[in-house]
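Each chain is listed here by its residues.
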Amino acid sequence: MGMTQKEILTNDIEKHEIGPKKTLIQVGATIEFEVKRNFKNIIISLVVTIAFYALGLIINLIREGRDVEAYANAADYLQGSYLSFTLSFFIMIIAVMFGANIIAYDYDKQTGNLLFPKITKGRLFSGRFIARYFMAVFSVIVYYALIIITTYIKFGEYPTNVWFSLGWAIFYMLAVFSLVVFFSSFMKKSSTVIVLSILMILIVFQMTSVILTVAGVDIEPLFILTYYSNIISQVIHGIPSERFIESPLMQGPPGSHAEGPTGFTWATPSEAGASIGLLVYSLILIVAAYLLFRRRQQK
């Protein structure tokens, strides 16, 4: 039978008494344990990955079966079939799957009493975060592998910008994953973390975007996390020089030339804006999650 995390960490402490080396050993042991403990979740995440890929493929096949105008090239096909809202929703699901119980589990199941005396919270947090984030990234890489292969079979080529899209997807995953971990750092039950994370991403952020558009605010919404997901698909054709669109919110009666109020819709952040925004978002959430976890007491 395999050892528990408590036994692994206890053995490591007994074998290595010096600080820096002990830190690396314990973080490494935590990463190894998390991969083993989440093996079932890895399999489930791969099933979810294939399901999202299949959804995009089926929708496209239905379009073609009904003689809807086909995509002109590989870039349009990738962007229209696999890199729109479907991908951002997929990233949210995977982030929640691996991040929701990263901390909340210890307080829900009272396992902190066994772990915290054997390993510092900083080392435990680092090992878990690294392990689970890379497990989430693995799902994204598999998704991209599937859509690249499909595109190559269909068109005999694939757009090279898809690698930039993958990079942005991994970066965006870091920010979304950090948000989920932040909620997990101060909540007791994983189910509450899941609900709050989904509500925050699907309702709060999206509704804020709608409110800004209706209000005619032309400020770029760099403070809205979901806004950064737009660059994942937009980068396939290259970032447009005009990144926002001004359009009327309502049309007048037929034959009327009266102009109504207009709204601003931002298509995508710039590469510099996305890099800085995602980095700031991730760092703030990670540091806040760690500080809350460190101060949190086991009942």
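Residues numbered from 1 in each chain as written. Predicted model: local features only at pLDDT ≥ 70, side-chain atom pairs only at ≥ 80, totals over all residues. Heavy atoms only, no water.

Colleague: Could you give an account of the side chain of R243, with specific residues and numbers?
Modeller: With respect to the element layout, R243 can be found in the loop between α11 (230–234) and β1 (244–248). For R243, a relative accessible area of 17% gives the class buried. A distance of 2.9 Å separates a polar atom in the side chain of R243 from the backbone oxygen of T268. Setting aside residues no more than four positions away along its own chain, R243 makes contact with E220, Y227, T265, W266, A267, T268, P269 and S270. (Helix = DSSP H or I, 4+ residues; strand = E, 2+ residues; numbered from the N terminus. Buried < 20%, exposed > 50% of the residue type's maximum accessible area, 1.4 Å probe, protein only. Polar contact = N/O pair within 3.5 Å; in protein donor to acceptor, adjacent residues only side chain to side chain. Contact = heavy atoms within 4.5 Å.)

Colleague: Could you give me a rundown of helix α12 (residues 271–295), with the residues and numbers involved?
Modeller: Compared with the 36 Å implied by 1.5 Å per residue over 25 residues, the 36 Å span of α12 between its first and last C-alpha is a close match. Turning to α12, its buried residues are G273, A274, G277, L278, Y281, S282, L285, A289 and F293. (Expected span 1.5 Å × (residues − 1).)

Colleague: Any chance you could break down the packing of aromatic side chains for me, citing the residues and the numbers?
Modeller: According to the stated counting rule, one finds 24 aromatic pairs in the structure shown. Summarising the aromatic geometry, the rings of F52 and F89 are spaced 5.9 Å apart at their centres and angled 45° between planes, so their arrangement reads as tilted. Taken together, the residues F52 in helix α3 (residues 39–65) and F89 in helix α5 (residues 85–99) connect sequence positions 37 residues apart. You can call F52 buried: its relative accessible area is 12%. Each ring, one from F182 and one from F183, has its centre 5.7 Å from the other, and the planes form 50°; the classification is tilted. Directly above the ring of F293 sits K121, whose terminal nitrogen or CZ lies 5.4 Å from the centroid. (Phe/Tyr/Trp six-rings, centres within 6.5 Å; stacked < 30°, edge-to-face > 60°. Lys NZ or Arg CZ within 6 Å of the ring centre and 35° of its normal.)

Colleague: An account of the pattern of salt bridges is requested, with residue identities and associated values reported.
Modeller: For the structure on display, the rule yields 6 salt bridges. Between E32 and K36 there is a salt bridge whose closest N-O contact spans 3.0 Å. Of the two residues, E32 and K36 both sit in helix α2 (residues 19–37), 4 residues apart, roughly one turn of that helix. Classification of E32 by relative accessible area gives partly exposed; the value is 41%. Residue classification places K36 among the exposed positions, given a relative accessible area of 55%. Across the salt bridge formed by R132 and E34, the nearest N and O atoms sit 2.8 Å from each other. (Salt bridge = Lys/Arg side-chain N within 4 Å of Asp/Glu carboxyl O.)

Colleague: Residues and numbers for the packing of α5 against helix α8 (residues 121–155), please.
Modeller: Contact geometry for α5 and α8: axes closest at 9 Å, N-to-C directions at 150°. Here α5 is positioned roughly antiparallel relative to α8, judged by the angle of their axes. As for the relative orientation of α5 and α8, their crossing is right-handed in sense. Contact with α5, carried on its side by T86, L87, F90, I94 and F98, involves R132, M135, A136, S139, V140, Y143 and Y144 of α8 and no other residues of that element. Of the residues assigned to the contact of α5 with α8, the class counts are 9 nonpolar, 2 polar and 1 charged. (Axes fitted to C-alpha atoms, helices over the stretch in contact; angles between N-to-C directions. Parallel < 35°, antiparallel > 145°, perpendicular 65-115°, else oblique. Left-handed = near helix turned anticlockwise from the far one by under 90°. Nonpolar A, V, L, I, M, F, W, Y, C, P; charged D, E, K, R; others polar.)

Colleague: Let's hear about helix α10 (residues 190–214): which residues, and what values?
Modeller: Here α10 is 25 residues long and its end C-alpha atoms lie 35 Å apart, about the 36 Å a rise of 1.5 Å per residue gives. Maximum bend of α10: about 35°, positioned at M200. Restricting attention to buried positions, one finds in α10 the residues S190, V193, S197, I201, F205 and L212. At the C-terminal side of α10, G216 shows a positive phi close to 75°. (Bend = angle between axes of the 7 residues up to and from the residue.)

Colleague: Before we move on, can you summarise the environment of Y144 with the specific residues and values?
Modeller: Among the structural elements, Y144 can be located in helix α8. The spatial distance from the C-alpha of Y144 to the C-alpha of V162 is 8.4 Å, given a sequence separation of 18 residues. Not counting the four nearest positions on each side in its chain, Y144 is found in contact with L83, L87, V162, S165, L166, A169 and I232.

Colleague: Let's hear about the confidence of the model for the chain: which residues, and what values?
Modeller: Looking at the chain, the pLDDT average stands at 86 and 85% of residues meet or exceed 70. Note on residues 13–18: pLDDT is under 50 here. Beyond four places in sequence and across chains, it has 5 contacts. (pLDDT = per-residue confidence, 0-100.)

Colleague: I'd like a rundown of the nonpolar core, residues and numbers included.
Modeller: One finds F90, I91, Y143, Y144, L225 and I232 to be the most contacted residues of the largest nonpolar core, which totals 70 residues. No other element matches the 14 residues that helix α9 (residues 162–186) contributes to this core. (Core = buried A, V, L, I, M, F, W, Y, C linked by side-chain atoms within 4.5 Å.)

Colleague: Give a detailed account of the packing of α9 against α10, specifying residues and quantitative values.
Modeller: A pair of packed helices is characterised by two quantities: the angle between their axes and the separation of those axes. The N-to-C vectors of α9 and α10 enclose an angle of 130°; their axes lie 9 Å apart at closest approach. It follows from the interaxial angle that α9 and α10 lie oblique. Once α9 is placed against α10, the crossing between them reads as right-handed. Facing α9, whose interface residues are V176, L179, V180, F183 and S184, α10 presents V193, L196, S197, M200, I201 and F205. Among the residues forming the contact of α9 with α10, the class breakdown is 9 nonpolar, 2 polar and no charged.

Colleague: Describe the environment of F264, naming the residues involved and giving the relevant values.
Modeller: Inspection of the secondary structure puts F264 in strand β2 (residues 262–266). In this structure, the C-alpha to C-alpha distance between F264 and V217, residues 47 residues apart in sequence, is 6.5 Å. For F264, the residues in contact, after removing those within four places along its chain, are T213, G216, V217, D218, F244, I245 and E246.

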